[in-house]
Amino acid sequence: MSLRSRRTMTGSPARTTRVKSMTPSTSSSRSRASSGRQALVGPEDAAAYSTATLRILASMPSRTIGRSRGAIISQYYNRTVRLRRRVSRPQLGGVGRSARPSLRLYDLELDPAALEEEEKRSLLVKELQSLTVAQRGHMLKGMPLGLAEKRSLREESRTLTGKPRERRGRRGLFPCCGWLRDTCVLALHGLGLWLLAGLHGLKPWRYALKRIGGQFGSSVLSYFLFLKTLLAFNALLLLPLLAFVVGVQAAFPPPASPGPVPAFTGLELLTGGGRLTHTVMYYGYYSNSTLNPPCVPAPDGGQCGRETDGLPYNMPLAYLFTVGGAFFITCITLVYSMSHSFGESYRVGSTSGVHAITVFCSWDHKVTQRRASRLQHDNIRTHLKELLAEGQLRQGPRSVCGRLRQVAVLGLVWLLCLAITLGCTVAVYAFSELMIQSPVSAEQGGALLALPVVVCLLNLGAPYLYRGLAALERHDSPVLQVYVAVCRNLILKMVILGILCYHWLGRRVGALRDQCWENFVGQELYRLMVLDFIFILLDTLFGELVWRLISERKLKRKEKPEFDIAGNVLELIYGQTLTWLGVLFAPLLPAVQIIKLVFLFYIKKTSLMANCQAPRRPWLASHMSTVFISLLCFPSFLGAAVFLCYAVWQVKPSSTCGPFRTLDTMYEAGKVWVRRLEKAGPRVSWLPWVHRYLVENTFPVYLVSALLLAVIYLNIQVVKGQRKVICLLREQISNEGEDKIFLINKLHSVYEKKERSRGGRTQEAERLEEDPDAR
Amino acid sequence: MGGSGSRLSKELLAEYQDLTFLTKQEILLANCWLLLHPLHPSGSSRASPSTVPGTQAHRRFCELLPQEHRSTEESLHTRVSLEQILSLPELKANPFKERICRVFSTSPARDSLSFEDFLDLLSVFSDTATPDLKSHYAFRIFDFDDDGTLNREDLSQLVNCLTGPGEDTQLSASEMKQLIDNILEESDIDRDGTINLSEFQHVISRSPDFASSFKIVL
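As the structure is a computational prediction, the values presented were derived from the model and not from experiment. (Residues numbered from 1 in each chain as written. Chains lettered and ligands numbered in written order. Predicted model: local features only at pLDDT ≥ 70, side-chain atom pairs only at ≥ 80, totals over all residues. Heavy atoms only, no water.)

Here we take up the overall build of chain B. Summing up its helical and strand segments, chain B has 14 helices and two strands in all. Within chain B, buried positions represent 62% of all 218 residues. Look at the contacts in chain B between residues 6 or more apart in sequence, and 62% of them connect residues 24 or more apart. Within the structure as shown, chain B displays about 7900 Å² of accessible surface, and the carbon and sulfur contribution to it stands at 53%. (Helix = DSSP H or I, 4+ residues; strand = E, 2+ residues; numbered from the N terminus. Buried < 20%, exposed > 50% of the residue type's maximum accessible area, 1.4 Å probe, protein only. Contact = heavy atoms within 4.5 Å. Areas by Shrake-Rupley, 256 points an atom, 1.4 Å probe, with all protein chains shown as cover.)

Here we come to the packing of aromatic side chains. All names here are of chain A. Counted according to the given criterion, the structure contains 26 aromatic pairs over all chains. Ring plane angle 55° and centroid distance 5.5 Å describe the contact between Phe-226 and Phe-628, whose orientation is recorded as tilted. Of this pair, Phe-226 sits in helix H11 (residues 218–251) while Phe-628 sits in helix H22 (residues 621–649), and the two are 402 residues apart along the sequence. Phe-226 sits in the buried class, given a relative accessible area of 4%. When its relative accessible area of 5% is taken as the criterion, Phe-628 is described as buried. Ring centres of Phe-533 and Phe-599 lie 6.4 Å apart, and the angle between their planes is 40°; on these two criteria the pair is classed as tilted. Here Phe-533 is found in helix H19 (residues 517–553), whereas its partner Phe-599 is found in helix H21 (residues 589–611), with 66 residues between them in sequence. Accessibility expressed as a relative area gives 17% for Phe-533, which makes it buried. Among the aromatic residues, those joined into a ring-pair cluster are Trp-205, Tyr-223, Phe-224, Phe-563, Phe-601 and Tyr-602. (Phe/Tyr/Trp six-rings, centres within 6.5 Å; stacked < 30°, edge-to-face > 60°.)

This paragraph deals with the state of the cysteines. All names here are of chain A. Within the structure shown, the criterion is met by one disulfide over all chains. Here Cys-516 connects covalently by a disulfide to Cys-657, the sulfurs 1.7 Å from one another. The sign of the S-S torsion, about 90°, decides the handedness of the disulfide formed by Cys-516 and Cys-657: right-handed. Taken together, the positions of Cys-516 in the loop between helix H18 (478–511) and H19 and Cys-657 in the loop between H22 and helix H23 (668–680) put the pair 141 residues apart, joining distant regions of the chain. Take Cys-657: its relative accessible area is 7%, and that puts it in the buried class. Of all cysteine sulfurs in the structure, the one in Cys-633 sits closest to Cys-331, which takes part in no disulfide; the separation is 6.4 Å. The class of Cys-331 is partly exposed, set by a relative accessible area of 28%. (Disulfide = S-S within 2.5 Å.)

Among the surface-exposed residues, Arg-370, Arg-371 and Arg-374 of chain A together with Lys-92 of chain B lie close enough to one another that they form a single positively charged patch. The dominant element in the positive patch, judged by the number of residues it contributes, is helix H15 (residues 370–395) of chain A, at three residues. Checked against the element boundaries, Lys-92 of chain B lands in helix H7 (residues 89–92). (Patch = residues over 30% accessible without salt bridge, like charges linked within 9 Å, V, L, I, M, F, W, Y side chains within 5 Å. Salt bridge = Lys/Arg side-chain N within 4 Å of Asp/Glu carboxyl O. Lys, Arg positive; Asp, Glu negative; His and termini not counted. Charge placed at Lys NZ, Arg CZ, Asp CG, Glu CD.)

So, about the nonpolar core. In terms of nonpolar packing, the biggest core is built from 111 residues, with Tyr-223, Leu-500 and Leu-584 of chain A touching the most fellow members. Ranked by the residues each element gives to this core, the list is headed by H11 of chain A, at 14 residues. Setting aside residues no more than four positions away along its own chain, Leu-584 of chain A makes contact with Tyr-283, Tyr-319, Val-323, Leu-644, Ala-647, Val-648 and Met-666 of chain A. Ranked by size, the runner-up nonpolar core spans 87 residues in total, among them Tyr-16, Leu-19, Val-124 and Leu-197 of chain B. (Core = buried A, V, L, I, M, F, W, Y, C linked by side-chain atoms within 4.5 Å.)

In this fold, Ser-207 of chain B is placed in the loop between helix H13 (197–205) and helix H14 (210–213). Beyond its immediate sequence surroundings of up to four residues, Ser-207 of chain B is in contact with Ile-357 and Cys-361 of chain A.

Glancing now at the pattern of salt bridges. Applying the stated criterion to the full structure yields 23 salt bridges over all chains. The salt bridge involving Arg-154 of chain A is made with Asp-18 of chain B; its shortest N-O contact spans 2.8 Å. With one member in each of two chains, Arg-154 of chain A in helix H8 (residues 147–158) and Asp-18 of chain B in helix H2 (residues 10–19) form a pair that bridges those chains. Of the residues examined, Arg-154 of chain A reaches a relative accessible area of 11% and is grouped as buried. On the basis of relative accessibility, which here comes to 17%, the residue Asp-18 of chain B falls in the buried class. Of the charged contacts in the structure, one is a salt bridge between Asp-564 of chain A and Arg-467 of chain A, with a shortest N-O distance of 3.5 Å. Here the residue Asp-564 of chain A occupies a position in the loop between H19 and helix H20 (565–582), and Arg-467 of chain A occupies one in helix H17 (residues 450–470), the gap between them amounting to 97 residues. Linked through salt bridges whose partners overlap, the residues forming this network are Arg-151 and Arg-154 of chain A together with Glu-15, Asp-18 and Glu-116 of chain B.

Nothing here speaks to function; it is geometry throughout.
Here it is, written out as structure tokens:
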């Protein structure tokens, strides 16, 4: 077991420390008045500090904390003590030297040479022993020491676990529980390690993601990680539906519908109609009564009993609750992951210090290919030059004329984009009205595809127009340009979906009064999804492959087309919105989406590897994943939830098909059940009470919203307070730095005086020796 | 895991899992890679298991090793020279590869890595390592002269590493001076002309991307 000891390096006279030589009397006013720094003293005219001064400088705690083992150990000792003491309030005042060894930590930093490294180490081991097993493991993992030392610390801190802990009076009531708790924690720890290893092995596409990250960097990787997240959401949505709705109905099929069963043609996969209409795929198949297992007549020829033949399964209730429950779980998961992502990516004061952050944090170590590495070098160099140029520009004055012109161009481009959006919306509305007026029967295949094709074409073409218009405007920051493009595309897609929702719930319900309108809506959403997938394929083919061939052969450019992250992510969000909109009317739609996402992963990966290069603009990967999840939550999921609530609460279900055919609204199934529970007896009376006072009443909603607003306000105030504290601390550190420089200069001048006086005395002595008479 | 399981005992594996941020598969992969390299000193790509997809092929590679290299003790103490580590595909294109290897090396001449040093390296660069640990080691990697602070020379060497290897990719002298002045103004809080560990960690804590970019996946 080799102990690594990196002693503090002794200073050499040749290496001069560059420190500003200022006296504190003038320094404080000067440094606060000037915005930039004083010009640092160059090597030619730096004061040559003596060996002693340099030795002291090199052994200052702030310089040794990164290097010396002793400093690391004492730092982690402090942290361990703080961790252990977190529950109890620290003692204030009257803390003198006492016999308790843990209090000596206050003297550790002041007098590092007094306590040897071994003593510090033993103190650390003692503190580690008093932590719980999980805390100790976490502490050890995070220590920046070598593996051999960590192993020895662990061995030493483990030997005395059987010791009774009287000092921790908090748990003194149940001493035996300590041992039990430790065993449980160790067992859980082992189980956790095993699970983690299993999950790690199960992670799909791990090698593919590594190759993508290695060749294109973190920003392109974030698109594929988002795709994986969407897969997880869809699986979360599909499982309850499969278990409680689809599986049960498939096991107890309803009586066959009258009329001939249409033959299976290939067109069904595109239109979703025909053969697929009367299957578990769509709403219309589900029965509106309680399902009972088929009764087997008793051997003695008796009748089928009713309640005694197994539990009845109330299909309408199951359908309503499963869809509602799945949406609720998705909502909670989305909000949690959004807040988690936001918490990771937001930092107080993250807008300042952009030069330092670029230099320290911008190299992506995941990149492993030489070509990609060279591209990263180029990107960083360009970014640094842009930052330096921006800094120069900001210092120069901006003319009022130029500003006005920029604002005017911006306004014009926005107006044009909104006009294009309005035009697309009107086109979709007019076309949908046309489809209603023209007599198209439900079974006709090709004509049903007309509306989805129009919608997909508009979704594909309008972003290219936006990109063309965006070339006119010039933004200060390239990241803002990308966010503006994302915003415009999002507005277009959401407005078109809004018009379609109005068309279905407002007009189609009336037009298909005696038929199954829910089936129709489900099929429309299925068609939209399938055609969206086909158009993405075509876009990938033409946008990436053909463009690369053209640019290589005809234009003779070596540059491949860039991978458009924002556009691709918006397409994913759009597809997911379609799934959420359609889940009520076609419970197997998440399965279709899962298949589509799996295909999309492989197609996009192949196209990326063959045809594209990483985007030139620097993307902040963490900000991007936050933005993606927020976009998924706010316009997309919220819109789908609003649509679902409206369909459940306000729209009359069709009377010929589906589980709600005899009711006025889908929600009534729940109300009927609650009324039945009320009659059932006093044991379940709390449920109707909950329903009447919490669900039907509007007061709890206001209360919850008020609480949410209060929490948000508190958080904003906390962040403001933290900013203020950070400012004060920076001032304090800057003052301490000035004190430090003052002391160094003073030390230096004292040594110099001593050297000079010693030198003067030896010179005097030599002179006297040579010439004893010359006095 | 037939052959490769006999190389590292279960207790040793559990201990490594407890003390580092690596999972069992990653530890075994690292072990496998390190054991292969003393046999193929040329570091040919055929020998490197990282270019072979999937863990099945890795296991087959491990089983090809001769008997004498299967003892645990020997595998723990085998030291791999710096050139061989630098030929690892994950590090080949990294401009900081030399500094990374020197920081994690425990040999007196800082020119070779043992298996445990290699595990330390992978643990710090792994997915689940704390940002605190990563920023500590990032500071040591950027400190080119190992004096405990980042002074102007360290910073200019760092910027030259970032912008590219050739002469024509480096910034001009005035741009470099301006950049370093800006960096020191933003991050040197006590205004002594150098950036020490605490100031560095303070700058890093303001960037949420650091943890995700300071990662090497084996």
